[in-house]
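Given next are the chains, with one letter for each unit.
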Amino acid sequence: MGDILAHESELLGLVKEYLDFAEFEETLKTFSKECKVKGKPLCKTASGSLKKDSMSLMIQKDLVAAFDSGDQKLFFDLWEGHIPSSIRDTDSLAQKLEFYLHIHFAIYLLKYSGGRPDKQELDERISYFKAYLETKGAALSQTTEFLPFYALPFVPNPVVHPSFKELFQDSWTPELKLKLEKFLALIFKASNTPKLVTIYKENGQNSKEMLQQLHQQLVEAERRSMTYLKRYNKIQADYHNLIGVTAELVDSLEATVSGKMITPEYLQSVCVRLFSNQMRQSLAHSVDFTRPGTASTMLRASLVPEKLKDVPLLPSLDYEKLKKDLIWGSDRLKAFLLQALRWRLTTSHPGEQRETVLQAYISNDLLDCHSHNQRSVLQLLHSKSEAVRQYMARLINALASLAEGRLYLAQNTKVLRMLEGRLKEEDKDVITRENVLGALQKFSLRRPLQTAMIRDGLIFWLIDLLKDPDCLSDYTLEYSVALLMNLCLRSAGKNMCAKVAGLLLKVLSDLLGHENHEIQPYVNGALYSILSIPSIREEARAMGMEDILRCFIKEGSAEMIRQIEFIIKQLNSEAENLGVAQSKNLESCSEREDPSPRLEAWKPPGAVAGGPHRKAEEARAAADTSAPEEWSPHTWLAFTHSDPAWVPSL
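Please read these numbers as outputs of a predicted model, since none were measured by experiment.

A. The overall build of the chain, seen in detail. Looking only at helices and strands, the chain has 32 helices and 2 strands in total. Expressed as a percentage of the 650 residues in the chain, the buried residues total 43%. At a minimum sequence separation of 6, the contacts of the chain that also span at least 24 residues come to 71%. If you sum the accessible surface of the chain, you get close to 35,700 Å²; carbon and sulfur atoms cover 56% of it.

Take a look at the structure:
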C-alpha cells in the first residue's frame, strides 16, 4: 500500500492525461472533481502536454504556410524533419500525399505567377520533381493513379496538356491543402500519445514478442534434440555391434590357436553384420566368402562412396527478364525469384550441373556486381521488405560457399560494403543477419576482402557483438567467432586488436567457458594469434589469463588441453620475435588467396594436422518447401591445402 501511495500522484496524472487525450470531457471533469474532494494530488503533466501541443501547432502552421507560399525547400525540410521516416517510407497514405505535394510545388509557378514564370526557377522545380520520381517516387510507378504524372517533367507546356487538366483546376490545390491539414493533425496527435498508452503497448508487445521468440527457440531446440538423439542411438547401436563382432573375432582367433577351424558360414554371418541393412540380403546369397580375401575386399569396398550418376543439364533462363523482375517486380515476386535462384544452385548435383548453373549466374552478372546503374539487383539487400532482404542474403551466402562464386562477388568491394552495411543495420539476430555474417566469414578467405574488413573496423563490431553471446543463435555465434579468428590471423588484424586488448581478452576468456563447445577451437586460435603481440601479452598477464586458462585444462578434452598448453606457452614467451615466429604458420594461412571454404580444426605449432573437419548444419527446411532455411558449411580455423568446391545438396 505504501508503494501505491508513493506513486499515486503520478498514476492519477497518467489517467488524467489519457482522458484528456481521448476527449472524455465529462469523465475528466468528474474525475478531477472527485480527486479534489478526496484530496488526491494530481501530477502536473498538463504543462508538458501543452508545450508539446503548442510546438506541434507551430510546425503544422509552418508547413501549411510553406505550402501556400510555394516555398519548396522550407516545406520539405520541415516535412523530413518532423514526419517520422517510418511513416513516410511505409504508410501508403503518406507516400501518396507526398507525391501530390511534389506535383504541387513543381507546377506552383505555372499556376500562380500570372502566366510568366521565372524560367530558371521553374527548371529547378521540374528537375527536383524529376529527381524525386527517379528515387523515392519510383515506388509508385506501378500504380495506375500516378502513372501519367511520370511524364510531367518531359511535357513542354503541362498547362494545356489534357492529361494534367485537373491539376490546373481551381479546386485541386484547396483539396490537396485540406488533405495535408488532416494528415498533419492526425500525425501530430499520434506523436503526442499519452504515456499510459505507451506503457501498455511496450509491455504488451515486448511480452508477446518474447513469448513468440522463446516458443520458436523451444521448438528449434526440441527438433535439434530429436535429431541428435537419433544420431546418438544410431552411433551407439553401431558401436555395440562393432564391439560384439570384435569380441567374436577375438574368440575365433583364440580358437584357431587351439586348432579349431572357422567355417565359411560363420565368416559370412560376421561380415553380413558389418554391412548396412540394404546390402545384407544380397550379400548373404551372392558372395562366396570361402574365397580368400573376399570378405576384406567387400568390407573395404563398402567404404567407397557410390559413383554419381550422369545428370542432365538444367534448361537455360532469360536472365535479362529475371533481373528486370527482380528490380521492378513486387516484393512477393522478388522473394520467390530469389528463393528459386538459390534452390536452383543448392539442389543441383555437384559437378557439371552445379558448375553450369554457377557459370550462368556469373556470365550474366545475376547480382549486377559490375553494374553502375542506380537501381540494381544488389540493392535488394536494402529493400524495405524483410523477406526480400532475407532471401537476397541467403542467395549471396550460397554463392559465397563456392570458390567461383566468391571470386565473382569479390571482383570489387561493392558487395562487401553492402554486406557490412546490412550487417550493422540489422539490429536483431534474424536470418538475414545470420546469412550476411556467413557470407562475410566466407569472404574472409580472400586476402583483399580480409584487408578491407580489417580497415572497415569489422573486428570492433564483432567484439561488441560477442560481449553478450547468450543472446546470439548458434549460427551467429560460431560464424562471428570464426570470422574474428580469420581476421586476427593477419598482422593488421592483430594490431587492430591491440587497440582494445583488454576488452577483447575479456570477451575471449568468457567465450572459453561457453556452453557451445563448437566455438572453443576458434577462441583458442584467436587467443594464440593475438598473443604474438607483446602489448596484448602484457595485458593478458595483468588480468591473470594463465590462471583462467589452467581452469579449463582441468575440464577439457585431450585436444583442448593441448591447444591451451600452447596458448600458455605463447603467453609466457618473452622475446617479441619469438611470439611472431610461433604464430607465423597461422598467419601464412591467411596470406594465401582464397584457400577453400573447407577448413580444418586449429592445430597448435608442431601438431600433426589431422583430416579435414566439416559440419553441415541441419537442413532445417527439409519439410518446408515454401521457405527453406539456409544450409551452410561449418567453417574452421586453419586452411587445408585442398580446394574442393563443396556445397551440400538439400
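So much for the structure itself; the text now carries on.
B. Layout of the pattern of salt bridges. Per the stated rule, a full pass over the model turns up 17 salt bridges. Close ionic contact of Glu425 with Arg422 constitutes a salt bridge, the shortest N to O distance being 3.3 Å. Residue Glu425 and its partner Arg422 are both found in helix H20 (residues 414-425); the two are separated by 3 residues, about one turn of the helix. The network of salt bridges with common partners includes Asp89, Glu98 and Lys136.

C. Representation of helix H21 (residues 431-443). Here H21 is 13 residues long and its end C-alpha atoms lie 18 Å apart, about the 18 Å a rise of 1.5 Å per residue gives. Those residues of H21 not exposed but buried are Thr432, Arg433, Glu434, Asn435, Val436, Leu437, Gly438, Ala439, Leu440, Gln441, Lys442 and Phe443.

D. View of a nonpolar patch on the surface. On the surface, Tyr18, Phe24 and Leu196 cluster together to form a nonpolar patch covering roughly 250 Å² of accessible area. Positionally, Leu196 belongs in helix H11 (residues 195-257). Its relative accessible area of 35% is what places Leu196 among the partly exposed residues.

E. Region of the structure containing the nonpolar core. Of all hydrophobic cores here, the largest spans 97 residues; its most connected members are Leu367, Leu409, Leu440 and Phe443. It is helix H24 (residues 474-488) that contributes the most residues to this core, 10 residues altogether. Excluding residues that lie within four positions of it along the chain, Leu440 makes contacts with Leu416, Leu419, Glu420, Leu423, Met453, Leu458 and Leu483. Counting 43 residues, the second-largest nonpolar core is a separate cluster that includes Leu63, Ile107, Val155 and Phe183.

F. Summary view of the packing of helix H7 (residues 92-106) against helix H9 (residues 119-134). Where H7 meets H9, the closest approach of the two axes is 9 Å, and the angle between their N-to-C directions is 160°. Relative to H9, the element H7 lies roughly antiparallel. The chirality of how H7 crosses H9 is left-handed. Together, Gln95, Glu98, Phe99, His102, Ile103, Phe105 and Ala106 of H7 and Leu122, Arg125, Ile126, Tyr128, Phe129, Tyr132 and Leu133 of H9 make up the contact between the two elements. Looking at side-chain class alone, the contact of H7 with H9 contains 10 nonpolar, 2 polar and 2 charged residues.

G. Inspection of a negative patch on the surface at higher detail. A surface patch of like charges, here negative, comprises Asp20, Glu23, Glu25 and Glu26. Looking at the element boundaries, Glu26 is found in helix H3 (residues 25-37). By relative accessible area, Glu26 is classed as exposed at 55%.

H. Structural view of unusual backbone geometry. The backbone of Asp365 shows a phi angle near 45°, a positive value even though the residue is not glycine. When you line up the elements, Asp365 lands in the loop between helix H17 (352-363) and helix H18 (386-400). Phi at Asp368 takes a positive value of approximately 60°, unusual for a residue other than glycine. Along the polypeptide, Asp368 turns up in the loop between H17 and H18.

I. Looking closely at the packing of aromatic side chains. A complete count under the given rule lists 20 aromatic pairs for this structure. With a centroid separation of 5.2 Å and 85° between ring planes, the pair formed by Phe75 and Phe76 is classed as edge-to-face. A single burial state applies to Phe75 and to Phe76, both of which are buried. The interplanar angle of 80° and the centroid separation of 6.2 Å between the aromatic rings of Phe99 and Phe129 together place this pair among those described as edge-to-face. With Phe99 in helix H7 and Phe129 in helix H9, this pair connects stretches of sequence that are 30 residues apart. Taken as a pair, Phe99 and Phe129 share a single burial class, namely buried. Against the face of Trp328 rests Arg375, its NZ or CZ located 4.4 Å from the ring centre.

J. Fine view of the environment of Leu465. Tracing the sequence through the fold places Leu465 in helix H23 (residues 458-465). Spatially, the C-alpha atom of Leu465 lies 9.8 Å from that of Val507, the residues being 42 residues apart in sequence. When near neighbours in sequence (up to four residues on either side) are disregarded, Leu465 contacts Arg433, Leu472, Thr476 and Ser480.

K. The arrangement of H7 in detail. Over its 15 residues, H7 runs 21 Å from end to end, which matches the ideal 21 Å to within 8%, given 1.5 Å per residue. Taken together, the buried positions of H7 are occupied by Ala94, Gln95, Leu97, Glu98, Phe99, Tyr100, Leu101, His102, Ile103, His104, Phe105 and Ala106.

L. The arrangement of the side chain of Asn516 in detail. For Asn516, the position within the fold is in the loop between helix H26 (501-512) and helix H27 (520-530). Only 3.2 Å separates the side chain of Asn516 from the side chain of Glu478, close enough to count as a polar contact. Ignoring any residue separated from it by four or fewer positions in sequence, one finds Asn516 in contact with Asp474, Leu477 and Glu478.

Quick notes on the rules
- Residues numbered from 1 in each chain as written.
- Predicted model: local features only at pLDDT ≥ 70, side-chain atom pairs only at ≥ 80, totals over all residues.
- Heavy atoms only, no water.
- Helix = DSSP H or I, 4+ residues; strand = E, 2+ residues; numbered from the N terminus.
- Buried < 20%, exposed > 50% of the residue type's maximum accessible area, 1.4 Å probe, protein only.
- Contact = heavy atoms within 4.5 Å.
- Areas by Shrake-Rupley, 256 points an atom, 1.4 Å probe, with all protein chains shown as cover.
- Salt bridge = Lys/Arg side-chain N within 4 Å of Asp/Glu carboxyl O.
- Expected span 1.5 Å × (residues − 1).
- Patch = residues over 30% accessible without salt bridge, like charges linked within 9 Å, V, L, I, M, F, W, Y side chains within 5 Å.
- Core = buried A, V, L, I, M, F, W, Y, C linked by side-chain atoms within 4.5 Å.
- Axes fitted to C-alpha atoms, helices over the stretch in contact; angles between N-to-C directions.
- Parallel < 35°, antiparallel > 145°, perpendicular 65-115°, else oblique.
- Left-handed = near helix turned anticlockwise from the far one by under 90°.
- Nonpolar A, V, L, I, M, F, W, Y, C, P; charged D, E, K, R; others polar.
- Lys, Arg positive; Asp, Glu negative; His and termini not counted.
- Charge placed at Lys NZ, Arg CZ, Asp CG, Glu CD.
- Phe/Tyr/Trp six-rings, centres within 6.5 Å; stacked < 30°, edge-to-face > 60°.
- Lys NZ or Arg CZ within 6 Å of the ring centre and 35° of its normal.
- Polar contact = N/O pair within 3.5 Å; in protein donor to acceptor, adjacent residues only side chain to side chain.

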